[in-house]
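Residue-level structure breakdown
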Amino acid sequence: MADVVQYRLERMVDELDDLEQRGLFSRREIAEIVKQRRKFEYRLKRPSPLKEDFLAYVEYETQLDALRRLRKKSVARELMKQGNKKLKKSKSDFAGLLRIMDIYELALKRYKGDIDLWFRYLEFCRLRKNGRMKKALANVIRFHPKVPGIWIYAAAWEFDHNLNVAAARALMQEGLRVCPTSEDLWVEYLRMELTYLNKLKARKVALGEDQGTLTRDPRSSDEKHWRDENSELFMPLGERGDGDGDDDRANVGSDESEKKQELFEERGMNIFQTVYGGAVEAVPSSLSLRKRFFEILEGTNLSHYEDMCKEILNDMKRDFSTQPEFWDWLARHECDLENDLEISEEGIIPQVEKAVQVYEEALENVPSGTMFCLYANFLTDIVAHKEGETNINGSSGHAANYISHLLLIYERAESMGCITEDLACKHVSLHLQLRQLDEARKLAAKLCSGKLAESVELWGLRITIEIRCTTKSSSPSDADLQSLFELLQQILMKVSVSKSENLWLKALKFYANQRQYFDKLVEISVVTLVRDGGSENGFSLSFAIVSFIFQKDGIQKTRDIYKRFLALPRPGLALYRHCIDLETNLASIGDKDGLINARKLYESALATYDQNVSLWQDYYRMETKVKAFFSFFFPLWY
């Protein structure tokens, strides 16, 4: 190993001498360079070098070469000021680039399957233009022919860098033969073909042989549509006076230009139809692929554009009419809020009505909770868009109508048996946003008694509403407290502790000062913990109760209650850790029993979790700190 490293370092002598002779690096800097390279070379000669070793070496050499270039520019400027000639290129100008490429090639021999490493190398070759790009692309395609991104990268390089459309097309077509189900390949192939056709079109325009482009400007399209509908408002120039021969020649030239324009548009549409047909045949079940093709078509100005759009939409409706996602996309396509920010409210209303019609048709085809949820989300977005914020209280005008429609959608979902937990919570939340507390309370009670009786999120809303109603007055009545407790008991006994964290915290916080009900909650927690066991990490119900008692009643009662929880079967590691932290914190502020109890807790926890390495490490760290403390203040004891 040492001989190989020494040989590689000796090959760098000429380069390093050149750097010193040119004044780019001092002798001390060159010695540091040799030291760093020796370290990296030894890493690469290990029996199993890591990928990070190669990348670290590449990073070092890249930064070193960047520094060399900066210093060379500085030296060249000084020489120019002195009237000397420019610096000629020498060995040091190429050595760094060659070394980086050699490191990459060594890494790729060992890690042939690492796609990220291949792309790093390809990007390096592309940016530095070292002439090895074609060879690198051939190698990566040979090793990874099933990766669509490689074919796209290779074709893009041929198209953009080499301006070789034939080679780019051949690569894309070969990639589609190898990866026929790749959506990205189909989409990028279509983009490439249309981009090439648009470049040809732009060239014709630049030469004055044609006009217009194949890309669509939505504003100009809308303007043309309006002008066509109101053509009687505009007088053609030919009607203002007697025509002459110049007008005829202009009309002839215009006709020829229009024919050329139509030729390009027809060619573009033929390309689109061919690629679209192949993509649908190869990936017939992909909705996202159809949507991407449709979006590309919308951005073009091809012949029979509207007919092709209708054909794609009909195909999608035929193949995906049972998928709620299709109907949601179709409806939102009818009402594009993101691109219609400048349209007035009156202009948006017809679009919203079209979208609503699509959703209604969707409910006839797919009457499901998902479809209702997507419908409700759309209406919520419309209301937020109109109000300019998510607070919909006090809405007026059309926004109020949409809110009424939204409430009706929630009611329809419930009546059709399509209600879901998400829909139910949004329905209740909407009433709360409208400050309809009584309606929200009745609805939550109704929903919690139906098929969503075990929905923790819905119960959380209901409990929040009940607490708000109970605390309207400064002093809640005993009947209200008892009624709320019975509701809590009903759900807390039914749902596991791991799912009802928020409910428990709300209950403990509300009844923290009600000793009678708080003690009952403790008894309920004991029953549920015996049934479900404690938590191994994260939230611990038992310690949440311990914390409340510690804040109210002090450390002695706290120790009594956590000992009770620890005596239960499967108390959970989280409780042990929290109690240990509590006792160590008390010991740090002078509690004489804190350290003793912390040690007992560690011993008890390790009796069950003896394979937990971090627990042993924490125990060791605590004892080390204790020893350090006593050895500092009581040195005679140690």
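Residues numbered from 1 in each chain as written. Predicted model: local features only at pLDDT ≥ 70, side-chain atom pairs only at ≥ 80, totals over all residues. Heavy atoms only, no water.

**Observations regarding the environment of V275**
Structurally, V275 can be placed in helix α12 (residues 245-282). Note on V275: relative accessible area 5%, which makes it buried. Considered as a pair, V275 and W186 are 89 residues apart in the sequence and their alpha carbons are 7.3 Å apart. Ignoring any residue separated from it by four or fewer positions in sequence, one finds V275 in contact with W186, Y189, L190 and F293. (Helix = DSSP H or I, 4+ residues; strand = E, 2+ residues; numbered from the N terminus. Buried < 20%, exposed > 50% of the residue type's maximum accessible area, 1.4 Å probe, protein only. Contact = heavy atoms within 4.5 Å.)

**Regarding the pattern of salt bridges**
Pairing between side chains of opposite charge can happen when the charged atoms of each approach one another. For the structure shown, the criterion picks out 44 salt bridges. With a closest N to O distance of 2.6 Å, E105 and R132 form a salt bridge. Remark: R132 occurs in the loop between α6 (115-128) and α7 (133-143) and E105 occurs in helix α5 (residues 91-110); sequence separation between them is 27 residues. For E105, a relative accessible area of 26% translates into the label partly exposed. The residue D315 makes a salt bridge to R318 at a minimum N-O spacing of 3.4 Å. Note that D315 and R318 are positioned in helix α14 (residues 305-320) at a spacing of three residues, about one turn of the helix. (Salt bridge = Lys/Arg side-chain N within 4 Å of Asp/Glu carboxyl O.)

**A closer look at the packing of aromatic side chains**
Counted under the stated rule, the structure contains 21 aromatic pairs. Consider the rings of Y104 and F124, whose centres lie 5.7 Å apart with planes at 40°: the pair is tilted. With Y104 in helix α5 and F124 in helix α6, this residue pair connects regions lying 20 residues apart in the sequence. Across this residue pair, the class does not change: Y104 and F124 are buried. In textbook terms, an aromatic cluster arises when at least three aromatic residues are bridged by ring pairs, as seen for F294, F326, W327 and W329. Stacked on the ring of F143, the Lys or Arg R142 has its end atom at 4.5 Å from the ring centre. (Phe/Tyr/Trp six-rings, centres within 6.5 Å; stacked < 30°, edge-to-face > 60°. Lys NZ or Arg CZ within 6 Å of the ring centre and 35° of its normal.)

**Notes on the side chain of E583**
As for its position among the elements, E583 is in helix α27 (residues 573-588). The class of E583 is buried, set by a relative accessible area of 0%. Setting aside residues no more than four positions away along its own chain, E583 makes contact with R559, Y562, D593, G594, N597, A598 and L601.

**A few points about the side chain of E15**
Positionally, E15 belongs in helix α2 (residues 13-21). A distance of 2.6 Å separates a polar atom in the side chain of E15 from a polar atom in the side chain of R99. The residues contacting E15, other than those within four sequence positions of it, are R37, S92, A95 and R99. (Polar contact = N/O pair within 3.5 Å; in protein donor to acceptor, adjacent residues only side chain to side chain.)

**Some words on α27**
The end-to-end C-alpha distance of α27 is 23 Å, a good match for the 22 Å that 16 residues give at a rise of 1.5 Å each. Those residues of α27 lying buried are L573, A574, L575, Y576, C579, I580, L582, E583 and L586. G590 sits one or two residues past α27 and shows a positive phi near 105°. (Expected span 1.5 Å × (residues − 1).)

**Here we look at the nonpolar core**
Within the largest apolar cluster, 186 residues are counted, with the highest numbers of intra-cluster contacts made by F272, F293, L297, V428, Y511 and F565. If one sorts the elements of this core by residue count, helix α17 (residues 369-387) sits on top with 10 residues. When residues of this core are assigned to domains, at least three map to each of domain 1 (1-111) and domain 2 (533-637). (Core = buried A, V, L, I, M, F, W, Y, C linked by side-chain atoms within 4.5 Å. Domains from an automatic or database assignment.)

**Some details on the confidence of the model for the protein**
Across the protein, the average pLDDT comes to 85, with 86% of residues at or above 70. This model gives residues 230-243 a pLDDT under 50, and the stretch forms three contacts once residues within four places in sequence are excluded. (pLDDT = per-residue confidence, 0-100.)

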